[in-house]
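Topology and contacts: notes
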Amino acid sequence: MQSSRSQPVTAGILTALVGFTSSFAVVLAGLTAVGATPAQAASGLAVLCIAQALGMLWLVRRHRIPLTLAWSTPGAALLAGTGMVDGGWPAAVGAFLVVGVLILLTGMWPVLGDLIGAIPTPIAQAMLAGVLVPLCLAPVTSLIDEPALVAPVVLTWLALLRFAPKAAVPTAFAVALVVIGVWASGHGGIDGGWVPTVSGTVPQLSVGAVLGIALPLYVVTMASQNVPGVAVMASYGYRVPWRETMTVTGLGTLGGAVAGGHAVNLAAITAALAANPEVHPDPKRRWIAAETAAWAYLVLALLSVALISLATSAPAGLIETVAGLALLGTLGASLAGATSAAEGREAAVVAFLVAASGVTVLGIGAAFWGLVAGLVTHLVLRRPSAAVT
């Protein structure tokens, strides 16, 4: 009996730790790529933890289901692939606000969700795969440039991928922190603070940031997080309150945007950690795991500045290596989804290549142009429906 009482709490703590440690490096890479300083990135990380924790507490207590929220890991990867836009960090913050508005409108206006659903899944997956390629190449290039520092991280990840896959990325991240500590002790120590702070930014709106960041970020957040999150919950017999969840995550994204948070959404992969039968034999008691995860995220928010201080003191390529390793599974799934069907494969390949090219046209990044190129190719090659006789 004691085991069944403690198991949901343990599962909740594990859910938060896996969600945080497996993608923390990706979020850091994404925020810094679009212009955040270490303090602004730490603020963004902290506010994302707080926003998703508060959103989970609201939804879980109202509906008594193990519904978990997360930051958009594919969205952070997209930011890392997009890089700086005209207007710098304030323009990126403005784009985050637009994403929050779009998510909020999705809950209030179902037509917007239908428009996203009308984008062929292979094209959306191909766009995501394209922006992931540069990040996923980081372990390769970093291993060549700094083998002594990067090899322990890669070898740890590879060994655990064989024997304990769920622990592979978090443990590799822990090894990276140890490597950073040892390296920094001989190179001037750790730079930065240790006390969590929230740093606000006055947002700016620009066409380049809206089209190059906000629109692709919204698409990948919906297609790679919210929609799969609903499916994962349904597979365990839970119905997600869609309108309320979109409202809560939209408000969370809006509230966190000016402090550097890029997007809050339904958890997808980690959703299963709090909803599966191993959490508790009674499905009506698994909500405890999600509530525990929310409180754990609030604790992790307090560690954001310390983790950013460690990460920004790292030798070049080390944190990028962890981010690349964390995204290999996402890259594989995206490539599979993009090319699994023969029909429409050309459009998906075009979207992938353009998104992976890193080109910037009219101040708009490659993710947007990849989506446009894939949709245009899809429309040109689409076969007309057979006439009804």
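Look above for the structure.
Residues numbered from 1 in each chain as written. Predicted model: local features only at pLDDT ≥ 70, side-chain atom pairs only at ≥ 80, totals over all residues. Heavy atoms only, no water.

Let us now look at the overall build of the chain. Along the chain, the regular secondary structure elements total 18 helices and 2 strands. Computed over its C-alpha atoms, the radius of gyration of the chain comes to 20 Å, within 12% of the 21 Å expected for a compact globule of 389 residues. When the backbone C-alpha atoms are referred to their principal axes, the chain occupies close to 70 × 55 × 45 Å. Taking all 389 residues of the chain together, the buried fraction comes to 53%. Contacts in the chain between residues at least 24 apart in sequence constitute 84% of all its contacts with a sequence separation of at least 6. In the structure as shown, the chain presents an accessible area of about 16,400 Å², 69% of it carried by carbon and sulfur atoms. Charge centroids of the chain, computed over 14 positive and 12 negative side chains, lie 17 Å from each other. (Helix = DSSP H or I, 4+ residues; strand = E, 2+ residues; numbered from the N terminus. Rg over C-alpha atoms; globule rule 2.2 N^0.38 Å. Buried < 20%, exposed > 50% of the residue type's maximum accessible area, 1.4 Å probe, protein only. Contact = heavy atoms within 4.5 Å. Areas by Shrake-Rupley, 256 points an atom, 1.4 Å probe, with all protein chains shown as cover. Lys, Arg positive; Asp, Glu negative; His and termini not counted. Charge placed at Lys NZ, Arg CZ, Asp CG, Glu CD.)

Our next topic: the nonpolar core. By size, the foremost hydrophobic cluster in this structure holds 109 residues, and its most contacted members are Phe20, Phe24, Phe96 and Ile213. Leaving out residues up to four positions away in the same chain, Ile213 has contacts with Val34, Leu78, Leu79, Thr82, Val85, Ala92, Ala95, Phe96 and Gly208. (Core = buried A, V, L, I, M, F, W, Y, C linked by side-chain atoms within 4.5 Å.)

Turning next to the environment of Glu320. Following the sequence through the fold, Glu320 ends up in helix 16 (residues 318-339). Judged by relative accessible area, which is 36%, Glu320 ranks as partly exposed. Contact partners of Glu320, with chain neighbours within four places excluded, come to Leu135 and Ala138.

Two aromatic rings are characterised by how far apart their centres lie and by the angle between their planes. Enumeration over the complete set of coordinates arrives at 4 aromatic pairs. Seen in terms of ring centroids, Trp89 and Phe96 are 5.9 Å apart; in terms of plane orientation they differ by 75°. Their pairing is edge-to-face. Its relative accessible area of 0% is what places Phe96 among the buried residues. Here the aromatic cluster, defined as three or more aromatic residues joined through ring pairs, consists of Phe20, Phe24, Trp71 and Phe173. Its end group placed over the ring of Trp287, Arg64 keeps NZ or CZ at 4.3 Å from the ring centre. (Phe/Tyr/Trp six-rings, centres within 6.5 Å; stacked < 30°, edge-to-face > 60°. Lys NZ or Arg CZ within 6 Å of the ring centre and 35° of its normal.)

Let us now look at the packing of helix 2 (residues 24-33) against helix 3 (residues 38-63). Here helix 2 crosses helix 3 at 130°, and the two axes come no closer than 9 Å. Our classification of the angle between helix 2 and helix 3 gives oblique. Considering the relative orientation of helix 2 and helix 3, their crossing is right-handed. Judged by residue contacts, Phe24, Val27, Leu28, Leu31 and Thr32 of helix 2 engage Ala41, Gly44, Leu45 and Leu48 from helix 3. Here the residues of the contact of helix 2 with helix 3 are counted per class, giving 7 nonpolar, 2 polar and no charged. (Axes fitted to C-alpha atoms, helices over the stretch in contact; angles between N-to-C directions. Parallel < 35°, antiparallel > 145°, perpendicular 65-115°, else oblique. Left-handed = near helix turned anticlockwise from the far one by under 90°. Nonpolar A, V, L, I, M, F, W, Y, C, P; charged D, E, K, R; others polar.)

This brings us to unusual backbone geometry. Positive phi, close to 55°, is recorded for Arg64, a residue that is not glycine. Locating Arg64 in the fold gives a position in the loop between helix 3 and strand 1 (69-71).

A few words on the pattern of salt bridges. Inspection of every chain in the model, using the stated rule, returns 2 salt bridges. A salt bridge links Glu291 to Arg61; the shortest N-O distance between them is 2.9 Å. You can see Glu291 sitting in helix 14 (residues 287-302) and its partner Arg61 sitting in helix 3, a full 230 residues away along the chain. The buried category is assigned to Glu291, whose relative accessible area is 18%. (Salt bridge = Lys/Arg side-chain N within 4 Å of Asp/Glu carboxyl O.)

Let us look at helix 9 (residues 147-163). End to end, helix 9 covers 24 Å across 17 residues, agreeing with the expected 24 Å (1.5 Å per residue, within 8%). Of the positions making up helix 9, those classed as buried are Leu149, Val150, Val153, Val154, Thr156 and Trp157. The buried residues of helix 9 occupy an angular sector of 155° when projected down its axis, which confines them to one face. Exposed side of helix 9, more than 90 degrees from the buried face: Ala148, Leu155, Arg162 and Phe163 are the residues found there. On its buried face, helix 9 sits against helix 8 (138-145), helix 10 (165-185) and helix 16. (Expected span 1.5 Å × (residues − 1). Arc of directions from axis to C-beta.)

Together, Val101, Leu105, Met108, Trp109, Val111 and Leu115 make up a nonpolar patch on the protein surface, roughly 550 Å² of accessible area in all. For the nonpolar patch, the elements supplying multiple residues, two or more each, are helix 5 (88-108) and helix 6 (110-118). You can see Leu115 is positioned in helix 6. (Patch = residues over 30% accessible without salt bridge, like charges linked within 9 Å, V, L, I, M, F, W, Y side chains within 5 Å.)

Moving on: the side chain of Gln40. With respect to the helices and strands, Gln40 occurs in helix 3. Overall, the relative accessible area of 16% leaves Gln40 in the buried class.

Describing two packed helices takes the angle between their axes plus the distance from one axis to the other. At a closest axis distance of 8 Å, the pairing of helix 7 (residues 121-136) and helix 16 adopts a crossing angle of 155°. One element, helix 7, and the other, helix 16, form an angle in the roughly antiparallel class. For the pair helix 7 and helix 16, the crossing hand works out as left-handed. The residues of helix 16 that touch helix 7, namely those facing Pro122, Gln125, Ala126, Leu128, Ala129, Leu132, Val133, Leu135 and Cys136, are Glu320, Gly324, Leu327, Leu328, Thr330, Leu331, Ala333, Ser334, Leu335, Gly337 and Ala338.

Remember that the coordinates give geometry; whether it matters functionally is a separate question.
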